[in-house]
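If you want the building blocks of each chain, they are given just below.
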Amino acid sequence: MRKALAAIQSAAAPDELEALRVRLLGRKGEVTAQLKALGSLPAAERPAAGKAVNRIKKELSAAIAERRRALNECLLDADLSAGGIDASLPGRGVLPGSEHPISRTLRRVRTILAGAGFSARSGPEIEDEFHNFTALNMPGNHPARDMHDTFYLPSGMLLRTHTSPVQIRSMLAEGAPLKIISSGRVFRRDSDQTHTPVFHQVEGLAVDEGVSLANLKSLLHEFAERFFERKVQVRFRASYFPFTEPSAEMDVRWEDGGWLEILGCGMVHPQVLRSGGLDPERYTGYAFGMGVERMAMLRYGVRDIRRLFGNDVRFLGQFAP
Ligand code: DAH
């Protein structure tokens, strides 16, 4: 017993200690053999002898555990003083984040348009009827209001259904000439594979003397080529928006030969210039509006818009730089 304890205390490494444990307490170990031998003792001696062996077993186990703890501590100390642990390394499992595809698309659109001389403006998400509808040539009973599926607040205010009200706010605040873009969240009561109740738009407006439809077409064609980073064919399809006249939708020729609509645009309606405090006899302007999610889906080949709002890291991780 004393020899065993001494051996345990002088074990110099975890392997050595483990070998000792097996020799003493293992299935074929010395103490185990003594326990087995109890059976051959006379019945009267068995209880006392059993107690003694068990006490030895307990003491040796405790001594081994204590020695193991001490050895581990020594190893850790040695590791630390040898510089084996670099506390300046980043922790495990820290994944780098990535820019959200919507932010990334927004940034691209803004950068391209900034290069064409447009500067950024913003407006409130909670709007009034005047800026969201009336001033944009949609008076109270105008049927186009129905298409907007508006969220109304109890106060009579509403969640803006598009970024176009920023056109009015900018004209009223700054007058002309004006060359601005405005981006942000817009809201509609709509939800399916290509619609979510909140989405993002970018709005552009240029007003000056002599601004023409030709200016609008060349700007948007150039924009499309920069955005998709290739030569693209575009076409302008006559359309209708209450705030522009004429109005058009711009389509881009896709690889499969089909045409895909990417934005709405037109020449600012004289009534809208007047709402913005400008004289339509002197000034003309063009405007355009596009859905950011739609642009992101086209650019990155995402088929379900809800992916953009699901925050699934397996999806988002694909946009890491
Ligand atoms: N506001 C329109 C919408 O939400 C988009 C739009 C179309 C904006 C034509 C414009 C424009 O400025 O000229 O559907």
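Residues numbered from 1 in each chain as written. Predicted model: local features only at pLDDT ≥ 70, side-chain atom pairs only at ≥ 80, totals over all residues. Heavy atoms only, no water.

**Observations concerning the overall build of the chain**
Thinking step 1. Across its full length, the chain holds 12 helices and nine strands.
Thinking step 2. Counting only C-alpha atoms, the chain reaches 120 × 45 × 40 Å along its principal axes.
Thinking step 3. Every one of the 321 residues in the chain was classed for burial, and the buried ones make up 40%.
Thinking step 4. Within the chain, residue pairs in contact and separated by at least 24 positions form 65% of the contacts whose partners lie at least 6 positions apart. (Helix = DSSP H or I, 4+ residues; strand = E, 2+ residues; numbered from the N terminus. Buried < 20%, exposed > 50% of the residue type's maximum accessible area, 1.4 Å probe, protein only. Contact = heavy atoms within 4.5 Å.)

**Remarks on unusual backbone geometry**
Thinking step 1. With an omega of 0 degrees, the peptide bond between A176 and P177 qualifies as cis.
Thinking step 2. Looking at the element boundaries, P177 is found in the loop between α7 (165–174) and β4 (178–187).
Thinking step 3. Following E245, the chain continues into P246 via a peptide bond in cis, with omega recorded as -5 degrees.
Thinking step 4. Relative to the helices and strands, P246 resides in strand β7 (residues 244–253).
Thinking step 5. At N137, a position not held by glycine, the phi torsion is positive, near 70 degrees.
Thinking step 6. Within the secondary structure, N137 is located in the loop between α6 (129–132) and β3 (158–159).
Thinking step 7. At E229, a position not held by glycine, the phi torsion is positive, near 55 degrees.
Thinking step 8. Position of E229 relative to the elements: it lies in the loop between α8 (213–228) and β6 (234–241).
Thinking step 9. The exposure class of E229 is exposed, given its relative accessible area of 53%.

**Concerning the packing of aromatic side chains**
Thinking step 1. Enumeration according to the criterion identifies seven aromatic pairs in this entry.
Thinking step 2. For the ring pair F223 and F227, a centre distance of 5.9 Å and an interplane angle of 25 degrees mean the geometry is stacked. Of this pair, F223 and F227 both sit in helix α8, four residues apart, which is roughly one turn of the helix.
Thinking step 3. Under the relative-accessibility criterion, F223 is labelled buried at 1%.
Thinking step 4. Summarising the aromatic geometry, the rings of F315 and F319 are spaced 5.3 Å apart at their centres and angled 65 degrees between planes, so their arrangement reads as edge-to-face. Here F315 matches F319 in class, with each residue buried.
Thinking step 5. In this arrangement the basic side chain of R230 is found over the ring face of W254, its NZ or CZ atom lying 5.3 Å from the centre. (Phe/Tyr/Trp six-rings, centres within 6.5 Å; stacked < 30°, edge-to-face > 60°. Lys NZ or Arg CZ within 6 Å of the ring centre and 35° of its normal.)

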